[in-house]
Each structure stands twice: as C-alpha cells, then as structure tokens.
Amino acid sequence: MGEVFAGRYELVDPIGHGGVGAVWRAWDHRRHRYVAAKVLQQSDAHALLRFVREQALRIDHPHVLAPASWAADDDKVLFTMDLVGGGSLAHVIGDYGPLPLRFACTLLDQLLSGLAAVHAEGVVHRDIKPANILLEATGAGRPHLRLSDFGISMRKGEPRLTETDYVVGTPGYFAPEQMMGAEPDFTADLFAVGLVALYLLEGAKPDAKALIEHFAEHGTPSAPSGIPEPLWQVIATLLQPDPRTRFRTATGARKALACAAEMLPEPGPDDELVEIFDQLAPLPTGFDPDGPLASAPRPGPAPAHVHLPPQPNHPDPFPAPAQSPSRPAPTPPAAPPPTPAHAPTPAVSHPSSEADAFHLAPPQRPPHPSTPPTPPPLRAPSPEPAHTQAPAPAPAPAPHQITTHQATNHQAAPPPEPTTHPQATTHWTVQLPPRNQATSQPQSYAPFSPAARRRPGPPAKVAVPMLFVALVCLTVGIWALTQL
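Rules of the game
Residues numbered from 1 in each chain as written. Predicted model: local features only at pLDDT ≥ 70, side-chain atom pairs only at ≥ 80, totals over all residues. Heavy atoms only, no water. Patch = residues over 30% accessible without salt bridge, like charges linked within 9 Å, V, L, I, M, F, W, Y side chains within 5 Å. Areas by Shrake-Rupley, 256 points an atom, 1.4 Å probe, with all protein chains shown as cover. Salt bridge = Lys/Arg side-chain N within 4 Å of Asp/Glu carboxyl O. Helix = DSSP H or I, 4+ residues; strand = E, 2+ residues; numbered from the N terminus. Axes fitted to C-alpha atoms, helices over the stretch in contact; angles between N-to-C directions. Parallel < 35°, antiparallel > 145°, perpendicular 65-115°, else oblique. Left-handed = near helix turned anticlockwise from the far one by under 90°. Contact = heavy atoms within 4.5 Å. Phe/Tyr/Trp six-rings, centres within 6.5 Å; stacked < 30°, edge-to-face > 60°. Lys NZ or Arg CZ within 6 Å of the ring centre and 35° of its normal. Buried < 20%, exposed > 50% of the residue type's maximum accessible area, 1.4 Å probe, protein only. Expected span 1.5 Å × (residues − 1). Arc of directions from axis to C-beta. Lys, Arg positive; Asp, Glu negative; His and termini not counted. Polar contact = N/O pair within 3.5 Å; in protein donor to acceptor, adjacent residues only side chain to side chain. Pairing = 2+ DSSP bridges. UniProt positions renumbered as here; feature names shortened; annotations may be inferred. Core = buried A, V, L, I, M, F, W, Y, C linked by side-chain atoms within 4.5 Å. Domains from an automatic or database assignment. pLDDT = per-residue confidence, 0-100.

Looking at an unreviewed UniProt entry, one finds the chain named non-specific serine/threonine protein kinase, with Streptomyces alboniger as its source organism.

Time to look at a nonpolar patch on the surface. Taken together, the side chains of Leu 471, Leu 474 and Ile 478 define a hydrophobic patch exposed on the protein surface, amounting to about 300 Å² of accessible area. Along the chain, Ile 478 falls in helix H12 (residues 460-483).

As a further point, take the packing of helix H7 (residues 229-238) against helix H8 (residues 250-262). One can describe the packing of H7 onto H8 by two numbers: an axis separation of 8 Å at closest approach and a directional angle of 165°. Looking at the two axes, H7 sits roughly antiparallel to H8. Note that H7 runs across H8; the crossing there is left-handed. Contact residues: H7 offers Pro 230, Leu 231, Val 234 and Leu 238, while H8 offers Ala 253, Ala 256, Leu 257 and Ala 260.

Next up on the list: the packing of aromatic side chains. Tallying each qualifying case throughout the model produces 1 aromatic pair. In this structure, Lys 156 packs its charged tip against the face of Phe 186, placed 4.9 Å from the ring centre.

Another aspect to go through is the environment of Arg 244. Within the fold, Arg 244 resides in the loop between H7 and H8. A relative accessible area of 68% places Arg 244 in the exposed class. Put simply, Arg 244 and Thr 187 are 57 residues apart on the chain and 8.4 Å apart in space, counted from C-alpha to C-alpha.

Along the chain, Phe 186 turns up in helix H5 (residues 186-202). C-alpha of Phe 186 to C-alpha of Arg 248: the two residues are 62 residues apart in sequence and 7.6 Å apart in space. Residue contacts for Phe 186: discarding those within four places in its chain leaves His 119, Gly 122, Val 123, Val 124 and Lys 156.

The first and last C-alpha atoms of H8 sit 19 Å apart over 13 residues, in line with the 18 Å expected at 1.5 Å per residue. Looking at H8, one finds that the buried residues are Ala 250, Ala 253, Leu 257, Ala 260 and Ala 261. Axial view of H8: buried residues confined to an arc of 95°, hence all on one face. When the buried face of H8 is taken as reference, the exposed residues oriented beyond 90 degrees from it are Lys 255 and Glu 262. As for H8, its buried residues are in contact with helix H3 (101-120), H5 and H7.

Mapped onto the elements, Asp 127 comes out in the loop between strand E7 (123-124) and strand E8 (133-135). Buried charge without a salt bridge: Asp 127, with Lys 129 as the nearest opposite-charge side chain at an N-O distance of 4.1 Å. Reaching out from Asp 127, the side chain makes a polar contact with the side chain of Thr 170 at a distance of 2.7 Å. Every residue in contact with Asp 127, bar those within four places of it in the chain, is listed here: Asn 132, Ile 152, Gly 169 and Thr 170.

With that settled, the discussion passes to the pairing of strand E5 (residues 69-73). A large share of E5 lies buried, amounting to 4 of its 5 residues. Pairing between E5 and strand E6 (residues 76-82): 5 bridges, direction antiparallel. Within E6, the position partnered with Trp 70 by the bridge is Phe 79. Two successive antiparallel strands, E5 and E6, enclose a turn made up of 2 residues, where Asp 74 displays a positive phi of approximately 55°.

Further remarks concern the UniProt feature "transmembrane region" (unreviewed entry) in the chain. UniProt's entry tags residues 462-481 with the feature "transmembrane region" (unreviewed entry), counted in the numbering of this structure. In the segment residues 462-481, helix accounts for 100% and strand for 0%; the C-alpha atoms at its two ends are 29 Å apart.

A few words on the nonpolar core. Leu 99 and Leu 200 are the most contacted members of the largest nonpolar core, which has 61 residues in total. Of all the secondary structure elements, the ones that give two or more residues to this core are helix H2 (89-96), H3, E8, strand E9 (145-147), H5, helix H6 (208-218), H7 and H8. Here the element with the most residues in this core is H5; it accounts for 12 residues. Looking at which domains feed residues into this core, each of domain 1 (4-83) and domain 2 (87-263) supplies at least three. For Leu 99, the residues in contact, after removing those within four places along its chain, are Val 92, Ile 93, Ala 104, Leu 107, Leu 200, Leu 201 and Val 274. Counting residues in hydrophobic clusters, the runner-up holds 9 residues, among them Phe 5, Ala 26, Val 35 and Val 39.

It is worth spelling out the confidence of the model for the chain at this point. On average, the chain scores 74 in pLDDT, and the residues at 70 or more come to 60%. In this model residues 339-360 is a low-confidence stretch, pLDDT under 50, and it forms 43 contacts with partners more than four residues away in sequence or in other chains.

Within H6 the residues assigned to the buried category are Ala 208, Leu 211, Ile 212 and Phe 215. Along the long axis of H6, the arc covered by the buried residues comes to 100°, so they all point the same way. Summarising the geometry of H6, the exposed residues directed more than 90 degrees from the buried face are Lys 209, Glu 217 and His 218. The elements touched by buried residues of H6 are helix H4 (176-179), H5 and H7. Two residues or fewer after H6 comes Gly 219, characterised by a positive phi angle close to 80°.

Put into structure tokens, the structure is as follows:
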C-alpha cells in the first residue's frame, strides 16, 4: 500500500512532474476515486508561495484542469485535480506526427475555449505548451482537451514573484514582449496558442525565434505546405510579433478559427484515424480500478465448540442430533451390538448430566464397534480399595453413558459404582479451563475506547503549515505595499 497523505489521499505511483512539484496518482478515501495529486516539498518560501497561488485557482470549465482541493501533512503540501489518462499533445504527435486538419482544428477550438475561461477570471497562464495540454482517453471518439499546470500563472495586477528582468516560462513558447520584460498579458498566451497550432499541423516544434525575425523583416509569410490559406491567416494573426496586431481575446480567435474550419475539405477515406488511448501505467500491486485492495480481516474469537477436539474413530464425521433418553440413537446396521460395559454409543445429550451444560466433546473412545474393544485398565480387578484408585490414563465414559440402564450393567464390574462417578466428575472438571479460556478470549478485542476519540479541529500537523503560509503571504503583502 502507498503512503496515506493527511489521512485522506493514498499516493499510488508517480505519473509526471509539474512546474513546482511531482504529480502522483492517488486514491481519495473520502470520494472513493483516483485523482492526480501534485506534491510539493516545502523547500523554500518562493516555491511555497507559487504553490499556494496555484491551489487557490478555482475554474470550473470542461477544458480546464484546475485544482480541486488541497491538504498539508508535516513538511509536505499537495493539491488534487481530476485524473486525465490520455496523455498530452506531445504523446499524440509522437504517435501520429502531423494531425489531420479537422482534428487539429477541434483541439485548437477546445484550447481557446478553455483559455477564454481562464482569461475571464483575470488569470494569465504564461506556460501554454504541448506538455501542459492533456487529453482524455476517448479512443476513436471526439477528443477532449484539458488545459493544465497553472504553476506560474498569475492574475493581472498581482505583484510578481520574479524580478523585472527575469523571464518565467518554457523556452520556445515565449512571446516577443515577454523577452523584453513586459508585464504578462492575455496576448502572450495567444502567441503561444499560435505556436501550438503549428506544432499540431507540422508535427514538430516550430522555431519561434526564426518566425519572429521573418515576421519583423518580411511581414506575414506565405502559408506552409499542407495548411489552407484561411486557416493560415488565423494562425499568422496569433503569431504577430506586435501584440497590438494579434487577436485581443481568445473568444475572437475562436470565432475566426470556426470560420476557417468551415472552408476545410471533408476528410477522405484514406485519412488516418487518430485514437486517444489511456497512457497511464498499470496500477501497482495492491490496487485495482475500485481502489486499494482490502486486506483480509482479522479473525475474531471463535465459539467455544469450535475449539473442541474432534471425535476420533467416529463412524460418521457429522453425528446425529441430540435425542431424548427414552429414544436410543440409531447405530450403523453393519456394526454388531456394543458391549454394555465398554462399547461407545452415539453422542446423546442427557439432561441430568453435570457436564452437559458445557457442551464439551466426549472423551477419547475405543476403536470402531466392529473391533472387539480392549478393556481399559480401570475395569480390571484391583486389590486396592476403590477410593485409592489412580485416575485412569484412558478417558472416563461420556456423561451421556451414565444412564439408569448402564448403571445396572456397571454393577457387575469389579470397581464399585461409586468409584465410577467421581472419576467422571473429575474428568469433566479438568476440561473446564479451556472453556473459561475461550470465554475470556473476546475480552482482548475491545472495539472502541472513548479515550482514543480525536479532539475536534484540524490536527497540529495541518494547522502549523497553514499558519506559516499565512505569515509568509502577509509578509509579502506588506513588502509589496512598501514598494508602491
């Protein structure tokens, strides 16, 4: 089993790395489903502040993969989001190369739709690239895209966590104004969308620096081979070096893309079918699609009759039910009639027996009735008095054998009748300790103790890290106010 984080999230296996932490597949014990958990080691306040900023983002959109909840445990914090198993755009391009025009336009439309929702919240993503654009495992059906990883995103107007001349993002997907140190803006995200569009249609990462230089020196180039002119005009507008000549909003770019997609040729029968399958590794040992495998429950104390020794040499492993003394139990038809003094009879519960209340098993018996029984040592004549006889090594007759009929037969035996009853009573008294031991065994399984009840409120290992986060945020806010 994996490590249980904050008493709720059980880490299963690592599935990737984000901008500020490792991403794990985890089992949510409260919601009973698998989630993706980004775990951050609290190494420094800078990374912790970025982590807090990312987990605070709440955007509910079908094409946005935003954090859903968070937790803290000792020196670690994490937040969770939906688990997406179809891989990223990088996986799809690695499998198929350049994508069909209509398939690529569908992905771009979903990307712009999710980006419009992000911009509507006043958030600039700042790290749009193929690795951060995930796909649901839809097979041969319509693809479903999710924009993820808001580790370096920020709201417009918030204080920056980096110096003015320091650029944050992925090389090759920077907008020209980002390289000049300008404040993050929505148009920088749209420039990255144009680079992603070329990546989908050409099957390789575009040279952003060469594109910017060509646009600056020669203007908009002609459409690359295989890209229709209407679609290229939309992509070229996204790639303009001057942010004032780009689309101003993701919604405007999406409308232009829809118009260009209407003029695309219909897919032919020879076009390759793109399928998005599950890219996640199989679950490790101890987990299945329904969650962690439950361990076998600890066996509780068994009833007293379960611990009794089996009846050896019994002709039937399942003895007949108890019968009244007036109706003798049936005997096997092939067996000869038992000897009254020594032959065993089927187990009969006698109401007058002293040991019958304990439901103990009868003692060891002689061999099968078909074999002539050997007289036990106690039945042999002895010159000693009856009260000085030592306890017989062989068990005494069963309590159900002490009946009126058998007492009459025992009178012919050398030991007098009073000697037989004390021996039987002594035998059952010795057997009582196992009964007491089995009865006292359940006392060691206390189901619940009121003293072990948790006190209300969050545990200290959760409250302390959050107090530290609040203190750091307050410090940064005061410092930012002093810089105004």
